[in-house]
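The lines below spell out each chain.
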Number of protein chains: 2
Amino acid sequence: MRIVLDAMGGDYAPREVVAGAVEAARAYGIELVLVGREEEVRAELDRHPAAGLPLSVVHAAEVIGMDEHPAMAVRRKRESSIVVGLQMVRDGQADAFVSAGNSGAVMAAATWLLGRIPGVERPALATVFPSRVGFFLVADIGANTDCRPEYLLQFGRMASAYAQHVLRIPEPRVALLANGEEETKGDRLVQEAHALFRQAAGLNFAGNIEPKDALAGGADVVIADGFVGNIFLKSTEAAAEVLLGMLREELTRNLWNRLSAALLRPAFRRLRRRLDYREYGGALLLGLRGVAVIAHGRSDARAIRSAVRVAREATLQGAVEAISKALQA
Amino acid sequence: MRIVLDAMGGDYAPREVVAGAVEAARAYGIELVLVGREEEVRAELDRHPAAGLPLSVVHAAEVIGMDEHPAMAVRRKRESSIVVGLQMVRDGQADAFVSAGNSGAVMAAATWLLGRIPGVERPALATVFPSRVGFFLVADIGANTDCRPEYLLQFGRMASAYAQHVLRIPEPRVALLANGEEETKGDRLVQEAHALFRQAAGLNFAGNIEPKDALAGGADVVIADGFVGNIFLKSTEAAAEVLLGMLREELTRNLWNRLSAALLRPAFRRLRRRLDYREYGGALLLGLRGVAVIAHGRSDARAIRSAVRVAREATLQGAVEAISKALQA
């Protein structure tokens with residue numbers, strides 16, 4: 001298996017991307033191709049004992065910045081690491097693409113270069129998210145801000161297939177994110193989608209789910225339009241971050257607290273790990289004829305390695321085929 | 001000042017409502033009227049040393065359950081504590097109404113009985129929410145699930161007037177909740193509202209705000225439609241709850257952790273208090289010709305007392321007049 005990495009994407013590129021590639025090559029024994037400005041990438045590579053690892057570099061002269069207009073940047077910068085990397089997947093030279101760069105640009109380029117699976121109206125961005133008891137898959141987390149009910153149903157089918165075949169959850173429980181469990185809850189979009197989900201064959205529909213029940217592990221797949229899904233994701237992340245910050249404030253308020261807190265360092269470290277987005281590894285674009293994974297813009301080496309793991313599993317378990325089949329049925 | 005309390009509303013009514021009324025009467029020196037099944041309410045009152053406190057009971061034979069259909073229940077149960085209590089405000093027998101009962105029913109009854117301030121298209125539900133550095137006001141958190149851009153602008157005007165006159169924030173910074181700061185972010189509703197807010201005179205518009213910046217204290221007023229606002233609120237609450245649960249798990253994992261954590265009990269207590277919704281005191285319906293406060297369904301005595309405090313301040317500071325003026329300008 002060969003996975004292409006956008007060496008220039010993300011707040012800490014190319015340093016952390018290259019470091020993550022080295023970690024991933026060692027951990028998973030797969031071939032990794034770093035696409036980007038060759039000199040910069042090689043200079044980073046030289047800082048690692050990477051001899052013998054299946055790592056190569058492909059030159060791409062341009063870089064799409066984090067704040068560039070996605071569609072315009074992709075159209076103009078044909079020599080960018082994002083476009084060159086995705087072309088390799090399109091042309092069969094690689095199996096999957098991973099980037100921590102401009103997520104809008106990755107979505108635009110991936111949709112353009114890989115194309116949609118027949119029947120897909122809108123590709124959706126999905127990510128695994130930690131719950132109290134394990135994890136669940138959320139889609140869409142930002143690819144489509146204004147949706148029709150049929151799109152949500154399709155997100156549900158695609159995410160359910162992914163959960164079943166890649167995450168290995170038998171008969172995943174699929175729920176619609178809403179402001180209450182009753183079917184009368186939600187905005188008009190959710191209410192209309194609810195009716196569609198109810199009638200849909202081959203889906204294990206669990207009804208509406210509130211944020212608290214989603215975080216408690218009440219569903220395996222949680223569906224929302226890209227705006228609401230994104231607000232959900234960002235709100236929970238932000239709340240966790242603020243709370244950990246407040247906790248730190250309280251625990252360092254005086255010497256007594258600082259000393260007592262030191263006794264609990266392993267406990268706090270475990271807690272941090274359970275919440276660490278870097279362990280969950282990036283978001284996958286569902287509905288394309290190829291595997292494209294978008295990692296967090298703030299990705300460090302560990303986050304990059306996790307994103308490679310997601311791309312590897314999606315490829316190994318045949319995510320594209322599973323989604324194709326689910327949509328045909 | 002006289003405030004009417006729905007003695008039958010909430011998961012722990014009438015016990016906790018009555019206990020909260022006793023606390024509030026003592027703390028604020030205002031007159032409180034408990035509306036509900038007289039015998040039950042008096043039996044609860046007898047458990048408190050309430051002699052001499054300005055507390056009275058008004059009988060209401062019916063109770064609207066938490067799961068009843070709001071509009072239907074209000075229409076049918078004219079003798080319910082919600083309807084009877086709000087009638088007292090309408091008829092000038094009381095200044096404000098507080099309920100921890102069926103929030104949809106309170107909204108429906110309050111809109112019907114108190115009426116809207118002239119020019120108000122949709123009343124909005126607003127609540128104060130803790131940020132890293134203080135607090136901010138969010139509206140709408142659930143009264144209107146499908147909105148037009150003009151509604152959001154009106155929520156902004158009403159919430160800004162409330163923040164200025166009741167919360168005493170000079171020139172409150174008003175922001176739109178979105179998935180990014182740029183004005184191109186948001187769904188269509190937010191984008192169109194953004195354009196309206198930009199042109200609006202008399203508003204200190206701070207642009208779009210992401211959940212993390214809202215929780216960091218980047219705005220004084222955060223505006224969203226009722227569906228998104230509700231998801232935002234519930235997601236942050238749920239994340240905080242899950243995280244505190246995980247923290248508890250880690251800190252009780254073994255004897256060492258339990259003993260060390262005991263040393264930090266005051267720090268954890270302070271943290272809990274900073275996050276405690278009971279301190280923030282319920283949501284206010286903006287845009288009505290009277291003060292109606294909706295407390296959390298799970299309210300205990302302290303939460304009820306806080307909700308009474310919110311109703312008292314809104315009345316004292318002339319929230320209704322301030323909002324009227326802001327809409328006329």
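Read on for a plain summary of the structure. (Residues numbered from 1 in each chain as written. Chains lettered and ligands numbered in written order. Predicted model: local features only at pLDDT ≥ 70, side-chain atom pairs only at ≥ 80, totals over all residues. Heavy atoms only, no water.)

With that settled, consider the sheet that holds strand β6 (residues 135-139) of chain B. Residue and element names in this part refer to chain B. Taken together, the eleven strands give an open sheet; going across it, the order is β3-β2-β1-β4-β11-β10-β5-β6-β9-β7-β8, and neighbouring strands pair in mixed fashion. The open sheet terminates on both sides in strands that have one partner only, identified here as β3 (55-59) and β8 (204-209). Averaged over all adjacent pairs, the angle separating strand axes in this sheet is 25°, with direction ignored. In this sheet, strand β10 (residues 283-286) lies alongside strand β5 (residues 124-130) in antiparallel orientation, the contact comprising four bridges. Bridging from a neighbouring strand, Thr-127 pairs with Ala-283 of β10. Along the sheet, helix α12 (residues 301-316) contacts β1 (2-6), β2 (31-36), β4 (96-99), β10 and β11 (291-294); its crossing angle with β11, the most-contacted strand, is approximately 155°. (Pairing = 2+ DSSP bridges. Helix = DSSP H or I, 4+ residues; strand = E, 2+ residues; numbered from the N terminus. Axes fitted to C-alpha atoms, helices over the stretch in contact; angles between N-to-C directions. Contact = heavy atoms within 4.5 Å.)

Our focus in this paragraph is the interface of chain A and chain B. Every contact between the two is made by 48 residues of chain A and, on the other side, 48 residues of chain B. Across the interface of chain A and chain B, roughly 4,800 Å² is buried in total on both sides, 69% from carbon and sulfur atoms. Summed over the shared surface of chain A and chain B, the result is six salt bridges. In this structure, Glu210(B) engages Lys234(A) in a salt bridge whose closest nitrogen and oxygen atoms are separated by 2.9 Å. Of all elements in the fold, only α7 (188-199), α8 (211-215), α9 (226-251), α10 (255-263) and α11 (265-275) of chain A reach the threshold of two or more residues within the side of chain A that touches chain B. No other element matches the 20 residues that α9(A) contributes to the side of chain A that touches chain B. For the side of chain A that touches chain B, the per-class residue count stands at 26 nonpolar, ten polar and twelve charged. (Buried area = accessible area lost by both parts, 1.4 Å probe. Salt bridge = Lys/Arg side-chain N within 4 Å of Asp/Glu carboxyl O. Nonpolar A, V, L, I, M, F, W, Y, C, P; charged D, E, K, R; others polar.)

For these two chains of identical sequence, chain A goes onto chain B by a turn of 180° and a shift of 0.0 Å along the axis, with RMSD 0.0 Å. Those values place the two copies in the arrangement expected of a two-fold rotation axis. Among all residues of chain A, the one whose C-alpha sits closest to the rotation axis is Thr236(A), at a distance of 2.7 Å. A share of 100% of interface residues in chain A that are also interface residues in chain B marks the association as one of identical surfaces. (Least-squares fit on C-alpha atoms with pLDDT ≥ 70 in both.)

All names here are of chain A. The two faces of strand β10 (residues 283-286) match: Ala-283 and Leu-285 on one face and Leu-284 and Leu-286 on the other face are all buried. Here β10 runs beside strand β11 (residues 291-294); their pairing, made up of two bridges, is antiparallel. Residue pairing across strands places Leu-284 opposite Val-293, the latter belonging to β11. Connecting β10 to the next strand, β11, in antiparallel fashion are four residues, including Gly-287 with a positive phi near 110°. (Buried < 20%, exposed > 50% of the residue type's maximum accessible area, 1.4 Å probe, protein only.)

Taken residue by residue, a regular strand's side chains alternate between the two faces of the sheet. Residue and element names in this part refer to chain A. Taking burial as the measure, the five residues of strand β1 (residues 2-6) include four buried ones, the bulk of the element. Sheet analysis places β1 next to strand β2 (residues 31-36), joined by five bridges and oriented parallel. Bridging from a neighbouring strand, Ile-3 pairs with Leu-32 of β2. On the question of chirality, the crossover connecting β1 to the parallel β2 by way of helix α1 (residues 15-28) is right-handed. Pairing of β1 with strand β4 (residues 96-99), which is carried by three bridges, proceeds in the parallel orientation. Pairing of Leu-5 across the sheet is with Val-98, part of β4. (Right-handed = clockwise from strand over helix to strand, strands pointing away.)

This paragraph deals with a nonpolar patch on the surface. The grouping of Trp256(A), Leu263(A), Trp256(B) and Leu263(B) at the surface amounts to a nonpolar patch, some 420 Å² of accessible area in total. Secondary-structure elements contributing two or more residues to the nonpolar patch are α10 of chain A together with α10 (255-263) of chain B. Assignment of secondary structure puts Trp256(A) in helix α10. Judged by relative accessible area, Trp256(A) falls into the exposed class, the value being 52%. (Patch = residues over 30% accessible without salt bridge, like charges linked within 9 Å, V, L, I, M, F, W, Y side chains within 5 Å. Areas by Shrake-Rupley, 256 points an atom, 1.4 Å probe, with all protein chains shown as cover.)

Here we take up α9(A). Residues and elements named next belong to chain A. Taking 1.5 Å as the rise per residue, α9 with 26 residues should run 38 Å; its terminal C-alpha atoms sit 37 Å apart, in good agreement. When you tally the buried positions in α9, you get 21 out of 26 residues, the bulk of the element. N-cap assignment for α9: the residue whose side-chain oxygen lies 2.7 Å from the backbone N of Phe-227 is Asp-225. (Expected span 1.5 Å × (residues − 1). Polar contact = N/O pair within 3.5 Å; in protein donor to acceptor, adjacent residues only side chain to side chain.)

A few words on the environment of Val228(B). Counting through the fold element by element, Val228(B) comes out in helix α9 (residues 226-251). For Val228(B), a relative accessible area of 4% puts it in the buried group.

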